[in-house]
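# Examination of the molecular architecture
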Amino acid sequence: MLARAKPALDDIAGALEELNEVRDTPSGRLRITAPRMAAATVLARALPSFARAYPRIELEISVDDGFQDLAADGFDAGIRLGEALQTNMVAVPISAPVAMAVVAAPSYLEAHPAPASPEDLAAHACIELRLLSSGTLYGWKFERGTQKRGVNVGGKLLMDDQELIVRAAMDGLGLAYSALDYVAPHIEQGRLRRVLADWTPEGTGFYLYYPSRQHLPAALRALIGHLRYSA
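Residues numbered from 1 in each chain as written. Predicted model: local features only at pLDDT ≥ 70, side-chain atom pairs only at ≥ 80, totals over all residues. Heavy atoms only, no water.

Let us look at the sheet that holds strand β9 (residues 157–159). Read across the open sheet, the 5 strands follow the order β9-β6-β10-β5-β11; overall the sheet is mixed. Both edges of this open sheet fall to β9 and β11 (193–195), since each of them pairs with a single strand only. Strand-to-strand, the axes of this sheet are offset by a mean angle of 40°, without reference to chain direction. Of the strand pairs in this sheet, strand β5 (residues 100–104) and strand β10 (residues 175–179) are connected by 4 bridges, and their pairing is antiparallel. In the sheet register, V103 faces β10, and the bridge partner there is A176. Helix-sheet contacts for helix α4 (residues 162–170) involve β5, β6 (126–129), β9 and β10, and the interaxial angle to β6 is about 175°. (Pairing = 2+ DSSP bridges. Helix = DSSP H or I, 4+ residues; strand = E, 2+ residues; numbered from the N terminus. Axes fitted to C-alpha atoms, helices over the stretch in contact; angles between N-to-C directions. Contact = heavy atoms within 4.5 Å.)

Listed below in structure tokens is the structure:
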């Protein structure tokens, strides 16, 4: 009788093992809000390996340079630069410090002498970024050794989208201030040239942030572990 029951017992044991594997495998839906620069750099590099490692997680990414209310808008987590994080959030570093760059199209630099110092920007057309979250203009910051400068470039062209700013720079409309990783492909392909390279500093890195909670969803724990940056 035991021999006849053994196949059924084996089937039950196998089913229980499969159930445990499913239970222990992170799954479910995650909604993440991220600025365009983070989506195009940090997330774009990590998504293929994350999707292969966690096929049961459904990931929705909303690209928005403005701040979102995570709870009110139904997001599990957000990504922002460290300098812009809200103080009541748990934050995990997911990138190295972000190096900034001032860039312009070759056609613009052929018509205008390249700036040699931050003060020279006053004589240039600078394309400014208006922050969606606060409505203020993003400051152009410079650093060389112990010297630090914060420059109000006073550009006549203002946009609230980083991609549009870079495209305007490639069209020869002026100088743009952006993350080096974001514009690096355009520099490599000759569509943009970097200026003031000895003056542009490294800023803070990108962080994944989320509200403090006692029980963190397994899918979010998996994403944090996958993106976490260790210097």
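Additional details are given in the paragraphs that follow.
With that out of the way, let us pick up helix α6 (residues 218–227). Every buried residue belonging to α6 is among A219, L220, A222, L223, I224 and L227, and all of these are buried. On its buried side, α6 packs onto β1 (28–34), α2 (36–53), β2 (57–63), β3 (77–81), β4 (89–93) and β12 (206–211). (Buried < 20%, exposed > 50% of the residue type's maximum accessible area, 1.4 Å probe, protein only.)

The next point concerns the layout of surface pockets. Size it by volume and the largest pocket reaches roughly 370 Å³. Taken together, 21 residues make up the lining of the largest pocket; nearest its centre are D65, L81, L129, L131 and Y138. For the lining of the largest pocket, the secondary structure elements donating two or more residues are β3 and β10. Class assignment of the residues belonging to the lining of the largest pocket gives a composition of 12 nonpolar, 4 polar and 5 charged. One number sums up the size of the second largest pocket: a volume of about 190 Å³. What lines the second largest pocket is a set of 16 residues, among which E83, K141, P201, E202 and G203 lie closest to the centre. When contributions to the lining of the second largest pocket are tallied by element, the ones reaching two or more residues are β7 (140–144) and β8 (147–151). (1 Å grid on protein atoms, 1.4 Å probe; cavity = no way out; pocket = protein on both sides within 12 Å on 5 of 7 lines; lining within 4 Å. Points joined across faces, edges and corners; volume = space filled by probe spheres on them. Nonpolar A, V, L, I, M, F, W, Y, C, P; charged D, E, K, R; others polar.)

Let us now look at the environment of R31. Within the element layout of this structure, R31 appears in strand β1. With 29 residues separating them along the chain, R31 and E60 place their C-alpha atoms 4.8 Å apart. What R31 contacts, discounting residues up to four positions off in sequence, is E60, D73, G74, F75, D76 and A77. Of the polar contacts made by the side chain of R31, one reaches the side chain of E60; its length is 3.3 Å. (Polar contact = N/O pair within 3.5 Å; in protein donor to acceptor, adjacent residues only side chain to side chain.)

The next subject is the pattern of salt bridges. Inspection of the entire model under this criterion finds 8 salt bridges. Where E60 meets R31, a salt bridge forms, and the shortest distance between an N and an O atom there is 3.3 Å. Pair noted here: E60 is in strand β2 and R31 is in strand β1, with a separation of 29 residues, a long-range link. Note that R167 is salt-bridged to E163, the shortest N-O span being 3.1 Å. Of the two residues, R167 and E163 both sit in helix α4, 4 residues apart, roughly one turn of that helix. Looking at R167, the relative accessible area reads 47%, which means it is partly exposed. Salt bridges linked by common partners bring R29, R31, E58 and E60 together as one network. (Salt bridge = Lys/Arg side-chain N within 4 Å of Asp/Glu carboxyl O.)

On to α4, then. For α4, the complete set of buried residues consists of Q162, I165, V166, A168 and A169. Around the axis of α4, the buried residues are gathered within 160° of arc, so they sit on the same side. Against α2, β5, β6, β9, β10 and α5 (180–188) lie the buried residues of α4. Measuring from the side-chain oxygen of the N-cap residue of α4 to the backbone nitrogen of E163 gives 2.9 Å; that N-cap residue is D161. Of the residues one or two after α4, G172 is the one with positive phi, at around 85°. (Arc of directions from axis to C-beta.)

In short, shape yes, function no, at least from these values alone.
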